[in-house]
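Residue-level structure breakdown
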Amino acid sequence: MRDPYTLRTCLASAVDALPAPERFPDASDAELARRLAERLRRDLLPRLGSADAPLLLVAIAGPNNVGKSTLFNSLVGAALSPARPEGGLTKQCLAAAHPETWTGPLKDFLTRRYDIVPVASGGSAPVDQAGPPGRLYLTLSDAVPRGLLVMDTPDFDSVYRDNRERAEALLVTVDVLAFVVSRQTYQNAALVDFLRAAVGHGRPYLLVYNEATREEVARGHLDKLAEDVGHPALARYLAPHQPDVEAGRKPLATEPLDGKPALGALLGQAEHARELKARALEASLADARAEMEAVSRAASEAAREPDRLRKRLRHELDVVGAHAALKAVPADVLIDAFRDELDARSQFHKWVRLPFRGLATALTFVTRKVRESFTAPEAPGEDTPTHAVDESLKDGVRRLVDAFAPEVAAWRADAQTRTKLEEAFGPVTLTKLEEPLGFEPLHAHAADRATLYAYCRELVSAELQGGMREELLQTLTTLVYSVPSGAAAVVTVATGGMGHDAVVWAGTLLSTPLMERFVDLLGAQVRARVTKKWADAHGATLSKALEARYFSDILKQLDGLASDWNQTATRLEEARAGLS
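Residues numbered from 1 in each chain as written. Predicted model: local features only at pLDDT ≥ 70, side-chain atom pairs only at ≥ 80, totals over all residues. Heavy atoms only, no water.

Thoughts on the packing of aromatic side chains
Applying the stated criterion to the full structure yields 5 aromatic pairs. Plain terms: the ring middles of Phe404 and Phe425 are 4.6 Å apart, the flat faces sit at 5° to each other, and that makes the pair stacked. Taken together, the residues Phe404 in the loop between helix H13 (385-403) and helix H14 (405-410) and Phe425 in the loop between helix H15 (415-424) and helix H16 (427-432) connect sequence positions 21 residues apart. The class of Phe425 is buried, set by a relative accessible area of 8%. One aromatic cluster is present, built from ring pairs that chain together Phe404, Phe425, Tyr550 and Phe551. Geometry around Trp565 places Arg23 over its ring, the cationic atom sitting 5.0 Å from the centre. Its end group placed over the ring of Phe404, Arg312 keeps NZ or CZ at 4.3 Å from the ring centre. (Phe/Tyr/Trp six-rings, centres within 6.5 Å; stacked < 30°, edge-to-face > 60°. Helix = DSSP H or I, 4+ residues; strand = E, 2+ residues; numbered from the N terminus. Buried < 20%, exposed > 50% of the residue type's maximum accessible area, 1.4 Å probe, protein only. Lys NZ or Arg CZ within 6 Å of the ring centre and 35° of its normal.)

A closer look at the packing of H13 against helix H21 (residues 526-579)
At a minimum axis distance of 12 Å, the contact between H13 and H21 shows a crossing angle of 55°. Put simply, H13 runs oblique to H21. In terms of crossing hand, the pair formed by H13 and H21 is right-handed. Together, Val389, Leu393, Val397 and Leu400 of H13 and Leu542, Leu546, Tyr550 and Phe551 of H21 make up the contact between the two elements. (Axes fitted to C-alpha atoms, helices over the stretch in contact; angles between N-to-C directions. Parallel < 35°, antiparallel > 145°, perpendicular 65-115°, else oblique. Left-handed = near helix turned anticlockwise from the far one by under 90°. Contact = heavy atoms within 4.5 Å.)

Here we look at the sheet that holds strand S3 (residues 115-118)
If you trace the 9 strands from one edge of the open sheet to the other, you get S3-S4-S2-S5-S1-S6-S7-S8-S9, paired in mixed fashion. Looking along the sheet, the strands with just one partner apiece sit at the ends: S3 and strand S9 (255-256). One ladder, built from 4 bridges, connects S3 with strand S4 (residues 135-140); its direction is parallel. Looking across to S4, one finds that Pro118 is bridged to Leu138. Of the strands in this sheet, strand S1 (56-61), S3 and strand S5 (148-152) are in contact with helix H4 (residues 104-113), which crosses S1 at around 45°. (Pairing = 2+ DSSP bridges.)

A few points about the pattern of salt bridges
The final tally for this structure, using the stated rule, is 34 salt bridges. Salt-bridge contacts for Arg236 lead to Asp258; the nearest nitrogen and oxygen are separated by 3.1 Å. One end of the pair, Arg236, is in strand S8 (residues 235-240); the other, Asp258, is in the loop between S9 and helix H9 (263-268), with 22 residues separating them in the sequence. Exposure remark for Arg236: the relative accessible area of 12% places this residue in the buried category. Look at Asp258 and you get partly exposed, because its relative accessible area is 44%. (Salt bridge = Lys/Arg side-chain N within 4 Å of Asp/Glu carboxyl O.)

As for the environment of Ile116
Position of Ile116 among the secondary structure elements: in strand S3. Given a relative accessible area of 14%, Ile116 falls into the buried group. Aside from chain neighbours lying at most four places away, what touches Ile116 is Trp102, Leu110, Thr111, Leu136 and Leu138.

With respect to unusual backbone geometry
Phi is positive for Asn65, close to 60°, though the residue is something other than glycine. Structurally, Asn65 is set in the loop between S1 and helix H3 (68-76). Residue Asn65 is classed as partly exposed on the basis of its relative accessible area of 44%. Located in the positive-phi region is Glu211, a residue other than glycine, with phi close to 55°. Judged by relative accessible area, Glu211 falls into the partly exposed class, the value being 31%.

Digging into helix H11 (residues 331-345)
In a regular helix each residue adds 1.5 Å, so 15 residues correspond to 21 Å; H11 covers 22 Å between its end C-alpha atoms and thus fits that length. Among all positions of H11, only Val333, Leu334, Ile335, Ala337, Phe338, Arg339, Glu341, Leu342 and Asp343 are buried. (Expected span 1.5 Å × (residues − 1).)

Worth remembering: the numbers are spatial, not functional.
Quick look at the structure:
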């Protein structure tokens with residue numbers, strides 16, 4: 001025997017993990033989640049949360065105008081439920097029990113399962129009026145055997161759409177289902193589906209064939225129905241055609257088939273109750289396991305669409321960022337890494353070049369400051385690399401808005417996410433694109449430059465093979481630095497500082513393309529690999545900036561949806577495993 005505490009813990013975890021049924025995109029999944037929630041809250045948790053209550057719960061169900069209320073009145077010994085030829089009168093569940101049922105532990109047991117509305121003695125329940133699922137009008141009568149509660153449920157195939165929902169909310173809680181059919185309804189496909197779902201994985205059920213004219217025909221019909229359902233009924237009964245019953249002058253009489261006890265004796269005698277309740281518990285646990293597995297799959301499926309959308313959006317943003325980053329690749333980083341790696345590999349050339357590099361740097365700095373004192377700094381124009389990056393980013397976002405328009409139209413899940421999708425890929429974002437991006441600090445992103453520099457150092461180190469080619473590169477680099485810098489120093493002394501600018505400028509103009517040529521000597525793919533590295537690294541930085549500026553709300557929503565659905569699937573699967 002399984003530990004009741006473990007079972008209750010698993011079931012409570014499953015209840016806590018279940019989202020509201022209306023959150024499921026698919027209507028059939030929503031119905032399955034609603035059914036599982038009803039089973040857990042109204043049946044299994046109350047059943048396992050108390051000592052075995054000596055109360056057998058029996059529900060009478062069936063299609064419209066088949067005699068359910070007539071059978072109910074016969075079992076409880078009083079005309080409590082409206083039974084008229086037009087049918088479809090019962091729109092809420094009516095129950096009858098012995099007065100002792102509404103006292104002490106049995107009363108607590110019932111109130112944990114149902115929304116009980118007691119019916120005053122001599123009064124009538126308004127079951128012909130619509131009401132919420134789970135509500136149960138309870139009539140107390142001494143004619144009902146102790147330990148028995150009988151329910152009359154609405155027609156599941158009535159013209160009233162809500163009747164089936166009200167019936168199913170209670171059918172998942174009962175120990176025994178008494179299903180009433182006739183020769184007109186026994187092979188109805190909707191009836192078979194309803195009964196198969198109601199009895200699930202072995203819940204005890206009885207078949208009552210009403211208005212039977214010939215026993216052999218009724219037996220054949222009941223055999224066919226049990227075959228379609230998937231497992232046989234606990235007992236079968238015939239109710240011959242009785243004009244006095246139809247006129248309301250006599251209660252419905254049933255005859256057992258296959259040597260079974262009379263219907264009243266089977267349901268009203270205590271020796272049968274414990275076995276029936278044990279079978280009902282095992283069947284309900286099996287149903288819960290199957291439903292948890294199905295709802296877990298549905299939750300995983302529900303997570304796929306927000307997960308796909310968020311991955312696609314972030315991928316597209318990375319593409320936009322990488323394309324924009326290519327508009328301003330910092331070539332100086334590769335040259336600096338090349339120089340520094342050469343210095344690290346030859347101390348001799350390093351110390352020869354060092355003073356000339358320092359001199360060139362100092363003279364260039366002084367010259368720039370002198371020039372700026374006479375002329376204003378250059379204003380950023382539309383032909384600058386940073387402007388090209390910004391325009392590329394804006395164009396990329398505009399393309400994203402167009403590309404995701406079909407995704408917005410196709411969204412069929414929750415309305416809140418649809419609203420955020422419409423904001424992210426609509427006029428709101430397009431209006432924001434008319435404003436400056438404000439990404440100026442990102443264009444000289446220190447972390448991205450440092451990453452690129454480290455990559456270039458590794459790349460240059462791997463490409464330098466030593467030997468004569470490396471020594472030649474060392475010598476040529478030393479000459480590139482020393483000649484213009486040395487000349488600038490001589491001119492500065494000779495002219496009193498008036499001619500060094502031209503010399504340094506000429507040296508820089510020559511040294512930069514020469515250094516790039518030296519880098520190309522390392523291999524044809526070096527520059528391409530460096531460019532791709534910058535596009536990946538700095539493109540990711542620009543992508544995150546775009547996400548934060550334009551798409552943070554929708555991505556936060558999609559992240560939350562995917563995470564919630566995946567957590568639901570995981571917790572339900574863990575609960576299901578705990579019930580096995």
